[in-house]
Amino acid sequence: MSNNTVSAVNEIDVAVIGGGQSALAVAYFLRRACIGYVVFDNQPAPGAAWQHAWDSFHPFSPAQWSSLPGWLMPATSEAYPSREHVIRYLTEYEKRYEIPVQRPVQVTSISQRANGLLLSTDHGEWLAKAVVSATGTWGHPYIPEYPGQADFGGEQVHSAHYKNPEAFRGKRVLVVGGGNSGAQILAELSQVCHVTWVTLEAPTFLPDDVDGRVLFERATERWKAQVEGRPDPAPAGGLGDVVMVPPVREARERGVLKSVRPFVHFVNDGVVWADGTRSQADAVVWCTGFRPALEHLRPLNVINAAGRVDVMEGRSVAQPGLWLVGYGEWCGFASATLIGVMRSARSAAAQIKEYLSSFEEQTA
Ligand code: FAD
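Here is what the cut-offs are and how they apply
Residues numbered from 1 in each chain as written. Predicted model: local features only at pLDDT ≥ 70, side-chain atom pairs only at ≥ 80, totals over all residues. Heavy atoms only, no water. Axes fitted to C-alpha atoms, helices over the stretch in contact; angles between N-to-C directions. Helix = DSSP H or I, 4+ residues; strand = E, 2+ residues; numbered from the N terminus. Parallel < 35°, antiparallel > 145°, perpendicular 65-115°, else oblique. Left-handed = near helix turned anticlockwise from the far one by under 90°. Contact = heavy atoms within 4.5 Å. Nonpolar A, V, L, I, M, F, W, Y, C, P; charged D, E, K, R; others polar. Near = heavy atom within 4 Å. Polar contact = N/O pair within 3.5 Å; in protein donor to acceptor, adjacent residues only side chain to side chain. Areas by Shrake-Rupley, 256 points an atom, 1.4 Å probe, with all protein chains shown as cover. Domains from an automatic or database assignment. Disulfide = S-S within 2.5 Å. Buried < 20%, exposed > 50% of the residue type's maximum accessible area, 1.4 Å probe, protein only. Core = buried A, V, L, I, M, F, W, Y, C linked by side-chain atoms within 4.5 Å. Pairing = 2+ DSSP bridges.

A. Region of the structure containing the packing of helix α3 (residues 180–189) against helix α5 (residues 246–253). Direction vectors running N to C along α3 and α5 enclose 60°, while the axes themselves pass 9 Å from each other. If you check the angle between α3 and α5, you find them oblique. For the crossing formed where α3 meets α5, the hand is left-handed. For the pair formed by α3 and α5, the contact residues are A183, Q184 and A187 on the first element and P247, V248 and A251 on the second. Within the contact of α3 with α5, the residues separate by chemical class into five nonpolar, one polar and no charged.

B. Representation of the site of the ligand. Residues in contact with the ligand amount to 32 residues; listed here are only the nearest, S22, N42, F60, A336 and L338. The contact in question runs from an oxygen atom of the ligand to an N or O atom on the side chain of D41, over 2.8 Å. Here an oxygen atom of the ligand sits 2.6 Å away from a polar atom, N or O, in the side chain of N42. Considered on its own, the ligand offers 1000 Å² of accessible surface; in the complex 88% of this is hidden by protein. Contributing elements (two or more residues each) for the shell around the ligand: α1 (21–32) and α3. It is α3 that contributes the most residues to the shell around the ligand, three residues altogether. Considered class by class, the residues forming the shell around the ligand number 14 nonpolar, 17 polar and one charged. In terms of domain composition, the shell around the ligand takes at least three residues from each of domain 1 (9–140 + 291–363) and domain 2 (149–205 + 242–286).

C. Local environment of the state of the cysteines. Per the counting criterion, the structure on display carries zero disulfides. Unpaired in terms of disulfides, C193 finds its nearest cysteine sulfur in C287, a separation of 12 Å. The class of C193 is buried, set by a relative accessible area of 12%.

D. View of the nonpolar core. Judged by nonpolar contacts, the single largest core of 40 residues is most densely connected at V14, V16, L30, L68, Y93 and I99. Every element with two or more residues in this core is listed here: β1 (10–17), α1, β2 (37–40), α2 (83–96), β6 (124–133) and α6 (341–363). Not counting chain neighbours up to four residues away, the residues in contact with L68 comprise Q21, L24, A25, Y89, L90, Y93, L338, V341 and M342. Core analysis: the next-biggest nonpolar cluster, separate from the first, contains 29 residues, W54, V210, V245 and V285 among them.

E. Inspection of the sheet that holds strand β11 (residues 265–267) at higher detail. Strand order in the open sheet made by the three strands is β11-β12-β13, with antiparallel pairing throughout. Of all strands in the sheet, those with a lone pairing partner are β11 and β13 (278–280), marking the two edges. Between one strand and the next, the sheet's axes are offset by a mean angle of 30°, whatever the strand orientation. Where strand β12 (residues 270–272) lies against β13, three bridges are found, and the strand directions are antiparallel. Opposite V271, over in β13, you have S279 as the bridge partner.

Here is the structure:
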């Protein structure tokens, strides 16, 4: 046994890190291929990022278009499923396919050993032949830097931790960010307080009849073009554009769906705009998105300058035995959505099957 070889107490073929839709979709295909695996999730209960969304959070795809492989999401009487409906579906999905999830288990680091990849967790060490990282972005909220931010005396909360408008009743609030989170949070805050919506540029609102279905179809077109070597059809409208779910439409009817360009710096009691005028503010809600949660991969030296991993069809270019699923378009078109992750998950499981056969040959 080389010094670099560990005989870990727990040895497995595949470790899947995460416990959200991406991890479950990978689990489905690994199970179908009769590959042994364990899922590690740091949350105490199923549902992953969906558990933490604000109370009125609206997915933008109808239930039938929010399904993971194998089992359709049960239909809802409302046009779009609620957050609770999605959490129930993910919970039942785990049971239905007997997915072995260890939780709450935090994977703190992954490092290369001669006989596999060693996972260090807060519940011991595991040695895996292959690893799928499906840790999403929720754990890594992004807030842009503005001068004077530390001097601002008001409250600051990221959409990752925003729950409902009650705490902001009657206050002057800046909602920063022009995507779906910004639009949905602005819509409900504007009913109880004075809100200014700050966006880098004028937000792109999709037509009322465009929802997750259409966005997924567009993503599929782009994927097909790539597979067939055709030019990218570059359809107008991406997953970051604002979907006109009912509360956002209602905000438009009230005339509050208007945004201004960013302020230049903070002061103690508010912000200063580009023309030098000042506005007082009691709070800022940052709807400025997320970055991939990849801290556990740091020892492998695979994280690039953009905070991502270079992948080819989801497989790390630099690190044998490592796949990334979910996260965003860089992991596959629409791979950060319930229905869109199926393609990436199926492909990862098929590649892993091949990899495990060659792994056995090499170590025999
Ligand atoms: P997550 O759900 O974040 O799951 C990752 C899990 O891994 C989490 O439990 C996390 O805590 C855990 N984890 C992280 N690091 C570690 C670690 N080191 N060790 C162990 N566990 C770890 N998507 C749709 O499909 N349809 C929609 O209609 C839709 N609407 C949306 C509307 C809005 C306003 C927004 C903001 C998003 C919407 N999304 C929608 C996107 C969707 O919510 C996310 O993209 C999705 O949660 C990603 O799933 P995931 O499994 O990749 O990651």
